[in-house]
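Secondary and tertiary structure notes
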Amino acid sequence: MTQVENKPAAYDTPFVPIEKIVALCKRRGFVYPNSEIYGGVSGIYDFGPLGVELRNNIRRYWWWSMVQMNDNVVGIEGAIITHPKVWEASGHVENFVDRLVDCKNCKRRFRIDQLPEENIIQNKCPVCGGELTEPRRFNLLMETYLGVVEGERMKTYLRGEACQNIYLDFDNVVKSTRMQIPFGICQIGKAFRNEVTPGNFLFRQREFEQWDLQFFVHPSEMQQWFDYWKEKRFEWYEGIINHKERLHFREHGPDELAHYAKKAFDIEYQTILGWQEWEGIHWRGDWDLSRHSEYSGQDLSYTDQNTKERYIPWIVETSGGVDRTFLNLLLDAYEEEPDPTGKEPRTVLRLHPMLAPVKVAVLPLQKNKEELVTTARDIHKTLQRLMVSQYDDVSNIGRRYRRQDEIGTPYCVTVDFQTLDDGTVTVRERDRMTQVRININELPMYLLERVTWQ
Ligand code: GAP
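In what follows, the accompanying structure is described. (Residues numbered from 1 in each chain as written. Predicted model: local features only at pLDDT ≥ 70, side-chain atom pairs only at ≥ 80, totals over all residues. Heavy atoms only, no water.)

Counting buried residues in strand β21 (residues 411-415) gives five out of five residues, a clear majority hidden from the surface. Residues Y411, V413 and V415 of β21 are buried on one face, and the alternating residues C412 and T414, pointing to the opposite face, are buried as well. Note: strand β19 (residues 360-364) against β21, five bridges, orientation parallel. Bridged to P364 within β21 is V415. As defined by bridge partners, β21 adjoins strand β22 (residues 424-429) across four bridges and the pair is classed as antiparallel. Across the sheet, the residue bridging to C412 is R428, located in β22. (Buried < 20%, exposed > 50% of the residue type's maximum accessible area, 1.4 Å probe, protein only. Helix = DSSP H or I, 4+ residues; strand = E, 2+ residues; numbered from the N terminus. Pairing = 2+ DSSP bridges.)

Our next topic: the environment of D227. Among the structural elements, D227 can be located in helix α7 (residues 222-238). Through-space distance from the C-alpha of D227 to that of L289 is 21 Å; in sequence the pair is 62 residues apart.

Further remarks concern the sheet that holds strand β20 (residues 389-391). If you walk across this open sheet you meet the five strands as β20-β19-β21-β22-β23, and the pairing is mixed. At either margin of the open sheet sits one strand with a lone partner, and together these are β20 and β23 (435-439). Each strand of the sheet is rotated relative to its neighbour by a mean of 25 degrees, with strand direction disregarded. Sheet analysis places β22 next to β23, joined by five bridges and oriented antiparallel. The partner of V425 across the bridge, within β23, is I438. Of the strands in this sheet, β19, β20, β21, β22 and β23 are in contact with helix α11 (residues 397-407), which crosses β19 at around 170 degrees. (Axes fitted to C-alpha atoms, helices over the stretch in contact; angles between N-to-C directions. Contact = heavy atoms within 4.5 Å.)

With that out of the way, let us pick up the sheet that holds strand β11 (residues 247-251). Sheet architecture is open: seven strands sit in the order β3-β9-β10-β16-β13-β12-β11, paired in mixed fashion. Looking along the sheet, the strands with just one partner apiece sit at the ends: β3 (73-75) and β11. With direction set aside, neighbouring strand axes in the sheet form an average angle of 25 degrees. Alignment of β11 against strand β12 (residues 263-271), held across five bridges, turns out to be antiparallel. Within β12, the position partnered with F249 by the bridge is I267. Here helix α2 (residues 49-68) sits on the sheet in contact with β3, β9 (183-192), β10 (207-217) and β16 (314-321), set at roughly 160 degrees to β9.

This is the structure in structure tokens:
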């Protein structure tokens, strides 16, 4: 896919407050609070009509880049519920914990790993200076029960990280496909965490979606593949954002590595929340397949077809969040710019055209001229077979452009009186607001070239 290229040259915006994105998402149908009529549930959200389109586009583009475009990668879709032993083997039952302290004075709760060091040393609340309690450990796994008879129900967990299915299916994939090491397995799927401090809208949720590549290698090739995927993933994110200077790598210090990782880099993106993880590149080594071999009693080692060497493959993991991508893309794309005609400012989402939820809006110049309306409806009918198209004839043309700008629609097609004479329409581009005249017959190809990845 081509890089974002539509942005005007002078494009330097301040960080967007999260509240603006929350308000836009609710107003225009991207994201709604879950169970809102009951007061909502912290850290859980629903996606509205535009949100679903954007999410699907984000997922599809990841899948296209990672699975479809790589001969050495295949995809799976595993279940959310697994055998409970999976989570013992993975180390999550023992290690997937947050350590928390409470302020005895103001009763606020903090994760120790998020407290400034001086507050930990002095045992002082960063807000009111009150004394902090002894740290307590909370496991993040969400419990659930299989079976209906009390006493016979089996306790298990909603998956705390989506990637575990990939290790569970590794041997099946090797046996049912012709994949040979080095190769990768991808998956997109929901994960669940009892986050103690959910917040910042979609950034830290309790139910969210992850995408993972688990790339299986011979130990001697680990470094080379780790470097390869680290760079590839960085380029991928660079390709879908406007503010490329807000993306960087950060290596994990020894005391912050997850229990399964020997080495890790985060791809971080800078927003009003500061630099925050967007995706993790993890050196998982032989941790996962060794542990599942040990706990299941099944040998998950791999035999090289050529050398006959038998070994436990090592794993490079690239693990990111669909929801965090959704949020970061909105924060990256949102802009309020002064109206050149001096009226109210224009809110525009400069989303990559290939990810934008609606690709084109078809607008008759006037709603009371039947021929304009009929022609515009016909164009919309043709285009909606190929891409998400909206027909809109409500209010004046300027307002309709604004409505589309605000949801990131890259192109607006206007049917005017000249259309009735010569069969051409105007195509207005979202970012520069430039207009070109195009023959109706050329419209599908003109738009497809600009809104699909290839
Ligand atoms: N399998 C490795 C793993 O789960 P992680 O760093 O805990 O690693 C990977 O999660 C990605 O999942 C993060 O980079 C982030 O994008 C996303 N993520 C993690 N926790 C999240 C949460 N509570 N809400 C939304 N996204 C989350």
